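# Structure assessment
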Amino acid sequence: MLSNYRRLFAVPHVLSLLVWSLIARFYTPGLMIAVTFLVEDWTGSYSLAGLVAGAFTLGMALVGPLRGRMADRGGTDTLVLVCGVVFTAGLLVLAWLPGSLWWLSLPLALGTGLFGTPANQVVRALWPRLTHGPERQAIYAAEATTQELLFVFSPILTAGVVAFAGSRWALVMLSLLGLLGAVGFALALRRAGVTGPAPAEPAAGGGPGRRRSLLRRPALVVLLVMCMLMVSGIMGVDMVIVAWSNELEAPHYVMVLASVWALGSLVGGAAVGAMRGRPHLVRRSFAAALGVVVLVPFVPPFTVLPTPLLIAPLLFLSGLAMAPMLAVVMGRLGELAPADRRAEAFGWMASALGAGGAAAGPLAGALIDGFGIAGGVVGAGVLVLAAALLSIFIPEPEPEPEPEPRGIVPAPQA
């Protein structure tokens, strides 16, 4: 079962690109936690905290396609470096903003988000250039799985710093790690020699790559809307965990609950990445929706647990479907997009995810303020279920031939 992974990581530069891209986006899962604690402490409102957290993701969403087009034209190392430096500076300014000027955090978060490091869309557009066939499915699964390590360790580290040093120092820590990752990822791109534009090839399903807007492709639009709804629901659960822990004045619960949920996703992603055969988008999407909906009866006021830690086993089971769903969505987007516009396509995906994340903060915050913890979970479940329903309308692409990657000698079969 591990032959896919063995063959994959024998491909030159795949491992270093994956590792440094993950470090470059380490700040992502912890950012909402640090910002929520910081702004709620300033204002006493989860709605305002969600609004500021959402401004970061909205800024990233606004420039996703533009940065994708820039990456498709080459110079990805410079793009990553510039974004990393500016984003770090913005986080440091926010960290030391006086609480009396909290309203400045909204435009600051939006402007900083415009320079979020585009490591995810850059590296996802590279995988089809370096891998083919089963290895391509394996790398998307491996990325979705290892990304869950971020959702294990980033919340643990962020919540730990919040608990022992305060939310300002948590933002400082995330900013410096983001800068380190951006520098390392840019150097990895140079070593791999993939900073230039991708070779122009026909898109999956035929047709030239640059004659039409990607938004004129119905399958891609449906997939992007699905991504937006999906991430809104997932981030809604994250905010519920933060709010539940904060109401109990026990921020350390965030470390445990968020990490258990991410650990379940990691296990699920690792298992499906080792499997052969084409993944099934609809089945995985409905499994993820079920994983969120099943949480509803076990949160206040439906069930008042002596401690939120009792829901940890259910969170683990819920998480099992998350990385597999993300992996198949990324793989499907890579198959449907034109070969020489994949970075732009993943830029649109980043925009969809960013728009969903931007909506998740204020929406989940308003539901929690108005209806309590259960309101936040119900809202998250509805959003993920709607994403699963859309997956029914996304067609299967034509199977592609499996040529050997250019200039790469595959590892011997185990």
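Above: the structure in question.
The notes below deal with the structure included here. Predicted model, so just to flag it, every value in this text is computed and none were measured.

### Thoughts on the overall build of the protein chain
Helices and strands together make up the secondary structure of the protein chain, namely 15 helices and 0 strands. Relative to its 414 residues, the protein chain shows a buried fraction of 58%. Of the contacts made within the protein chain by residues no fewer than 6 positions apart, 86% connect residues no fewer than 24 positions apart. In the form shown here, the protein chain has an accessible surface area of approximately 16,000 Å², with 71% of it arising from carbon and sulfur atoms.

### Points about the nonpolar core
Core analysis: the largest hydrophobic core is formed by 127 residues, its most contacted members being Leu-17, Val-35, Trp-127, Leu-171, Phe-185, Val-329 and Met-349. If one sorts the elements of this core by residue count, helix H10 (residues 218-247) sits on top with 18 residues. Contacts of Trp-127, omitting those with residues within four sequence positions, involve Val-14, Leu-17, Leu-18, Ile-139, Tyr-140 and Glu-143.

### Topic: the environment of Ala-352
Positionally, Ala-352 belongs in helix H15 (residues 342-390). Classification of Ala-352 by relative accessible area gives buried; the value is 9%. Linking Ala-352 and Met-230, residues 122 residues apart in sequence, is a C-alpha distance of 9.7 Å.

### Here's the deal with the side chain of Ser-105
Tracing the backbone through its elements, the reader meets Ser-105 in helix H6 (residues 105-113). Within the structure, Ser-105 has its side chain in polar contact with the backbone oxygen of Trp-102 (distance 2.4 Å). Discounting chain neighbours no more than four positions away, the residues touching Ser-105 are Trp-42, Val-52, Leu-94 and Leu-97.

### What about the packing of helix H14 (residues 322-336) against H15?
Viewed as axis vectors pointing N to C, H14 and H15 meet at an angle of 140°, and their least axial separation amounts to 10 Å. Between H14 and H15, the angle is such that the two are oblique. Crossing hand, H14 versus H15: right-handed. Across from Leu-326, Val-329, Met-330, Leu-333 and Gly-334 in H14, the residues of H15 making contact are Arg-342, Ala-345, Phe-346 and Met-349. Here the residues of the contact of H14 with H15 sort into 7 nonpolar, 1 polar and 1 charged.

### Quick look at the packing of aromatic side chains
How two aromatic rings sit relative to each other is set out by the distance from centre to centre and by the angle between their planes. Per the stated rule, a full pass over the model turns up 3 aromatic pairs. Ring geometry for Tyr-27 and Phe-87: centres 4.6 Å apart, planes at 35°, overall tilted. Here the residue Tyr-27 occupies a position in helix H3 (residues 27-43), and Phe-87 occupies one in helix H5 (residues 76-95), the gap between them amounting to 60 residues. A centroid spacing of 6.4 Å and a plane angle of 65° characterise the contact between Phe-56 and Phe-87, whose relative ring orientation is edge-to-face. Of this pair, Phe-56 sits in helix H4 (residues 46-72) while Phe-87 sits in helix H5, and the two are 31 residues apart along the sequence. Put simply, the rings of Tyr-27, Phe-56 and Phe-87 pair up and form one aromatic cluster.

### Overview of H6
Looking at H6, one finds that the buried residues are Ser-105, Ala-109, Thr-112 and Gly-113. What you see down the axis of H6 is that its buried residues fit within an arc of 100°, all on one side. In this structure, the buried side of H6 is in contact with H3, H4 and H5.

### Details of the pattern of salt bridges
Following the criterion strictly, the structure yields 4 salt bridges and no others. Taking the shortest distance from any N to any O, the salt bridge between Arg-190 and Asp-77 comes out at 2.6 Å. Of this pair, Arg-190 sits in helix H9 (residues 167-192) while Asp-77 sits in helix H5, and the two are 113 residues apart along the sequence. Judged by relative accessible area, which is 46%, Arg-190 ranks as partly exposed. With a closest N to O distance of 3.6 Å, Glu-335 and Arg-332 form a salt bridge. You can see Glu-335 and its partner Arg-332 sitting in helix H14, 3 residues apart, about one turn around the helix. Across the pair, exposure class does not vary: Glu-335 and Arg-332 are buried alike.

### Structural notes on unusual backbone geometry
Despite not being glycine, His-13 shows a phi value in the positive range, around 75°. Take His-13: it is sitting in the loop between helix H1 (3-9) and helix H2 (14-24).

### So, H5
Between its first and last C-alpha, H5 extends 28 Å over 20 residues, near the 28 Å set by a 1.5 Å rise per residue. Buried-residue contacts for H5 involve H3, H4, H6, helix H7 (119-130) and H9.

### Things to note about a nonpolar patch on the surface
Side chains of Val-82, Val-85, Val-86 and Phe-115 sit close together on the surface and give an oily, nonpolar patch of about 300 Å² of accessible area. Mapped onto the secondary structure, Val-85 falls in helix H5.

### A look at the packing of H3 against H9
Between H3 and H9, the least distance of the axes is 9 Å, while the angle of their chain directions is 155°. By the criterion of interaxial angle, the relationship of H3 to H9 is roughly antiparallel. Taken as a pair, H3 and H9 cross one another with a handedness that is left-handed. Between H3 and H9, the residues in contact are Tyr-27, Gly-30, Leu-31, Ala-34, Val-35, Phe-37, Leu-38 and Trp-42 and Ser-167, Arg-168, Ala-170, Leu-171, Leu-174 and Gly-178, respectively. For the contact of H3 with H9, the residue count by class is 10 nonpolar, 3 polar and 1 charged.

Analysis parameters
- Residue numbering note: each chain is counted from 1, following its sequence as written.
- Given that this is a predicted model, residues contribute local features only at a pLDDT of at least 70 and side-chain atom pairs are listed and counted only at 80 or more, while totals for whole chains, interfaces and linings are drawn from all residues.
- Note that the side-chain values use all heavy atoms of the structure and ignore hydrogens as well as water.
- The way it works is that DSSP assigns letters per residue, a run of H or I at least four long becomes a helix, a run of E at least two long becomes a strand, and they are numbered from the N terminus.
- Here's how the labels work: a residue is buried when its accessible area is under 20% of the maximum for its type, exposed when over 50%, partly exposed in between, all with a 1.4 Å probe on protein chains only.
- We call two residues in contact when some of their heavy atoms are within 4.5 Å.
- The protein chains shown are the only cover counted for residues, whose accessible areas, like all others here, come from Shrake-Rupley with a 1.4 Å probe.
- For our purposes a nonpolar core is just a set of buried Ala, Val, Leu, Ile, Met, Phe, Trp, Tyr and Cys residues, chained together by side-chain atoms within 4.5 Å.
- Contacts described as polar in this section are N or O atom pairs within 3.5 Å, which, within protein, must combine one atom able to donate a hydrogen with one able to accept it, while residues neighboring in sequence count only if both atoms come from side chains.
- Axes here mean lines fitted to C-alpha atoms, for a helix over just the part in contact, with angles spanning 0 to 180 degrees between N-to-C directions.
- An angle below 35 degrees is treated as roughly parallel, one above 145 as roughly antiparallel, one from 65 to 115 as roughly perpendicular, and anything else as oblique.
- For any helix crossing, the convention is left-handed if the near helix is rotated counterclockwise from the far helix by under a right angle, and right-handed if that rotation is clockwise.
- Side-chain classes are defined by residue name, with Ala, Val, Leu, Ile, Met, Phe, Trp, Tyr, Cys and Pro counting as nonpolar, Asp, Glu, Lys and Arg as charged, and the others, Gly among them, as polar.
- Aromatic contacts are taken between Phe, Tyr and Trp rings whose centres are within 6.5 Å, Trp giving its six-membered ring; a plane angle under 30 degrees counts as stacked, one over 60 as edge-to-face, and the others as tilted.
- The arc under discussion is defined with respect to the helix axis, by the directions toward the C-beta atoms.
- Here a salt bridge means any side-chain nitrogen of Lys or Arg lying within 4 Å of a carboxyl oxygen belonging to Asp or Glu.
- A helix is expected to span 1.5 Å multiplied by its residue count minus one.
- Only residues whose relative accessible area exceeds 30% and that take part in no salt bridge are eligible for patches, with like-charged residues grouped when within 9 Å of each other and nonpolar side chains (Val, Leu, Ile, Met, Phe, Trp, Tyr) grouped when within 5 Å.

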